[in-house]
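# Examination of the molecular architecture
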Amino acid sequence: MKKVSNRLVINPVLTLVTIYFLANLYSFILLISGGEIFVDALIRTFDESIVYATGAMLAACFLLLLFLYGVSCKFSECEGSLLFSDNWGWFLVIIQCAYLINNFYYGVNLAGVEDAESGSPFKFFFSVFQPDLIYLILAIGITSNRLFWLNLIIFSFSMVSRGWMGGFLIVFIIYLCRSYPVKIGFKPFLWLSAILLVCVSLFPFFVELKWVLRSGGYLGEVWGSVIDQGYLSSFGNSFAYLLSRFQMFGHVALIAENSNEVANSYENNEFIPYWADGVFQWFILKINDIEVFQLNRYMVNVFFDSDNTAYSTNPGIAGWMLFLKSGTVFFIAYICIIILLPAFYVVRYAGKKYFLLLFSLVFIYLFHGWIAAYLNAVTYLVFLIFIKRKVFGKNP
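The paragraphs below set out a description of the structure included in this document. (Residues numbered from 1 in each chain as written. Predicted model: local features only at pLDDT ≥ 70, side-chain atom pairs only at ≥ 80, totals over all residues. Heavy atoms only, no water.)

### Some remarks on the overall build of the protein
When its secondary structure is counted, the protein shows 19 helices and 5 strands. The buried share of the protein, reckoned over its 396 residues, is 50%. Of all intrachain contacts in the protein linking residues separated by at least 6 positions in sequence, the fraction that spans at least 24 positions is 75%. For the protein, the exposed surface amounts to about 20,100 Å²; the carbon and sulfur share of it is 66%. (Helix = DSSP H or I, 4+ residues; strand = E, 2+ residues; numbered from the N terminus. Buried < 20%, exposed > 50% of the residue type's maximum accessible area, 1.4 Å probe, protein only. Contact = heavy atoms within 4.5 Å. Areas by Shrake-Rupley, 256 points an atom, 1.4 Å probe, with all protein chains shown as cover.)

Okay, structure coming up:
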């Protein structure tokens, strides 16, 4: 956030940077003072040398991504913008509702839960036309405010019903990108602070709701579980859990602690290289009968002793840099390419708001090491911009 006259301009990218930086800084301070942190289901401490090495690498990654953002910002002043008419808005409503019904009826796509073998007959369709990604892209450019809010409500309900509480952060970032520049005076700031305070007080219920939905329990269990634990105790646990979801200090520290083992596994092809992580790369691997086994899933198997294929974790780009050794130079070059090339295309043909969305995805996905998720989202974004320009021209 930066100050302009007597108002704050909220930048979605810098908002994410602030959240992730503070969460990881908190973990660093806690560990260096001898405390413990959550690393998914584990509660861990680390040697001081590991903590400092992890902190230094995460700081370097923050600086790298902020540098790329700063460089790209010099080219981000574009008068053009990508807009989508009501027809696109209604299309988004329809595909989101269809996806919601599919998930409810077949009991699929729950966070952290493996789908049944029978699955859904529409699995391939929703693998190609991914409603969540389509929402991320179209929502910013929908010209109708009414359809924007309708789609936001559907998306939020869909995410919560699947146990994805991260949907609240996503809709907040989408709103900031769409409405940029969001300027807040003193009174609106007080109202926003009050709303945040209410949301914070409800943390225990949100976290409990997440686990109830993922386990297939009843909504009535949420209230009873919080009351049984005691509100203050539940609040403390929920707040610590929330911070653990925004930090990846522990995950990167696990790689730092086992860097030689992870490096040997990488050299022995026990998981795919970073440059092979992406939808198109996966397709090539599969037609050559090569298993798509990522570093994310390798960590789940080795560090968390789980073979749940729906369970993934976040190694961070910092994690990769800790064991690649001399290959780190090529990794950094690769990161720069997959950020800067789409950034220049997006800002030229879609404008500032979509540029902010792209860099928000950099910190939501790429910073956490979800390379395939980032590339998938960027591919959708670039493809939709191309189709919109070539097929529909400048008309919304």
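### Remarks on the nonpolar core
The nonpolar side chains of a soluble globular protein tend to be buried, and buried together. One finds Trp320, Phe323, Tyr354, Phe363 and Tyr374 to be the most contacted residues of the largest nonpolar core, which totals 111 residues. Apart from the residues lying within four places of it in its own chain, the contact partners of Phe323 are Ile255, Ser259, Val262, Ala263, Tyr266, Phe271 and Leu295. By size, the runner-up hydrophobic cluster in this structure holds 6 residues, among which are Val160, Phe205, Leu209 and Val222. (Core = buried A, V, L, I, M, F, W, Y, C linked by side-chain atoms within 4.5 Å.)

### Quick word on a nonpolar patch on the surface
Residues Ile101, Tyr105, Tyr106, Phe122, Phe124, Phe125, Val128 and Phe129 make up a contiguous nonpolar surface patch of roughly 890 Å² in combined accessible area. Counting only elements with at least two residues in the nonpolar patch, the list comes to helix H3 (86-106) and helix H4 (123-128). By the element assignment, Phe124 lies in helix H4. (Patch = residues over 30% accessible without salt bridge, like charges linked within 9 Å, V, L, I, M, F, W, Y side chains within 5 Å. Salt bridge = Lys/Arg side-chain N within 4 Å of Asp/Glu carboxyl O.)

### Observations regarding the packing of helix H5 (residues 131-141) against helix H7 (residues 167-179)
Helix packing for two helices is described by the angle between their axes and how far apart those axes are. In contact at an axis separation of 8 Å, H5 and H7 are set at 30° when each is read in the N-to-C sense. Two packed elements cross with a definite hand, and for H5 against H7 that hand is right-handed. Contacts between H5 and H7 pair Tyr135, Leu136, Ala139, Ile140 and Gly141 from the former with Ile170, Val171, Ile174, Cys177 and Arg178 from the latter. (Axes fitted to C-alpha atoms, helices over the stretch in contact; angles between N-to-C directions. Left-handed = near helix turned anticlockwise from the far one by under 90°.)

### Observations concerning the environment of Val262
Turning to its location among the elements, Val262 is positioned in helix H13 (residues 259-267). When residues no more than four places from it in sequence are discounted, the contact partners of Val262 are Phe271, Leu295, Tyr298, Phe303 and Phe323.

### So, the packing of aromatic side chains
One pass over the full model with this rule turns up 30 aromatic pairs. Each ring, one from Tyr20 and one from Phe246, has its centre 6.2 Å from the other, and the planes form 55°; the classification is tilted. Of the two residues, Tyr20 sits in helix H1 (residues 12-32) while Phe246 sits in helix H11 (residues 231-246), which places them 226 residues apart along the sequence. Centre to centre, the rings of Phe125 and Phe126 are 5.1 Å apart; their planes meet at 80°, and the pair counts as edge-to-face. The exposure class of Phe125 is partly exposed, given its relative accessible area of 40%. Judged by its relative accessible area of 9%, Phe126 falls in the buried class. Seen from the ring of Phe148, Arg178 lies directly overhead, with NZ or CZ sitting 4.3 Å from the centre. The ring of Phe84 has Lys388 sitting right over it, with the charged end atom 5.8 Å from the ring centre. (Phe/Tyr/Trp six-rings, centres within 6.5 Å; stacked < 30°, edge-to-face > 60°. Lys NZ or Arg CZ within 6 Å of the ring centre and 35° of its normal.)

### Section: the pattern of salt bridges
What the rule picks out here adds up to 1 salt bridge. A salt bridge links Glu257 to Arg44; the shortest N-O distance between them is 2.9 Å. Note that Glu257 is positioned in helix H12 (residues 249-257) and Arg44 in strand S4 (residues 42-44), a separation of 213 residues in sequence.

### Some points on the packing of helix H2 (residues 48-73) against H12
Running from N to C, H2 and H12 cross one another at 120°; their axes reach a closest spacing of 9 Å. At the point where H2 passes H12, the crossing takes the right-handed sense. Contacts from Ile50, Val51, Thr54, Gly55 and Leu58 of H2 reach H12 at Phe249, Val252, Ala253, Ala256 and Glu257. Classifying every residue of the contact of H2 with H12 gives 7 nonpolar, 2 polar and 1 charged. (Nonpolar A, V, L, I, M, F, W, Y, C, P; charged D, E, K, R; others polar.)

### Focus on unusual backbone geometry
Among all residues save glycine, negative phi is the norm, and among peptide bonds the norm is trans. Omega for the peptide link from Tyr180 to Pro181 comes to 0°, which places this bond in the cis form. Mapping Pro181 onto the fold places it in the loop between H7 and strand S5 (182-184). The phi dihedral of Asp289 is positive, around 60°, even though this residue is not glycine. The topology assignment puts Asp289 in the loop between helix H14 (279-287) and helix H15 (295-303). Of the residues examined, Asp289 reaches a relative accessible area of 74% and is grouped as exposed.

### Some details on H7
Compared with an ideal rise of 1.5 Å per residue, which puts 13 residues at 18 Å, H7 spans 18 Å between its outermost C-alpha atoms and is within 8% of the ideal. Taken as a whole, H7 has its buried residues at Gly167, Leu169, Ile170, Val171, Ile173, Ile174, Leu176, Cys177 and Arg178. (Expected span 1.5 Å × (residues − 1).)

### Some remarks on the environment of Ser158
Within the secondary structure, Ser158 sits in helix H6 (residues 145-161). When the C-alpha positions of Ser158 and Leu100 are compared, they lie 6.0 Å apart, and in sequence the two are 58 residues distant. Once you skip the residues sitting within four places of it in the chain, Ser158 turns out to touch Tyr99 and Leu100.

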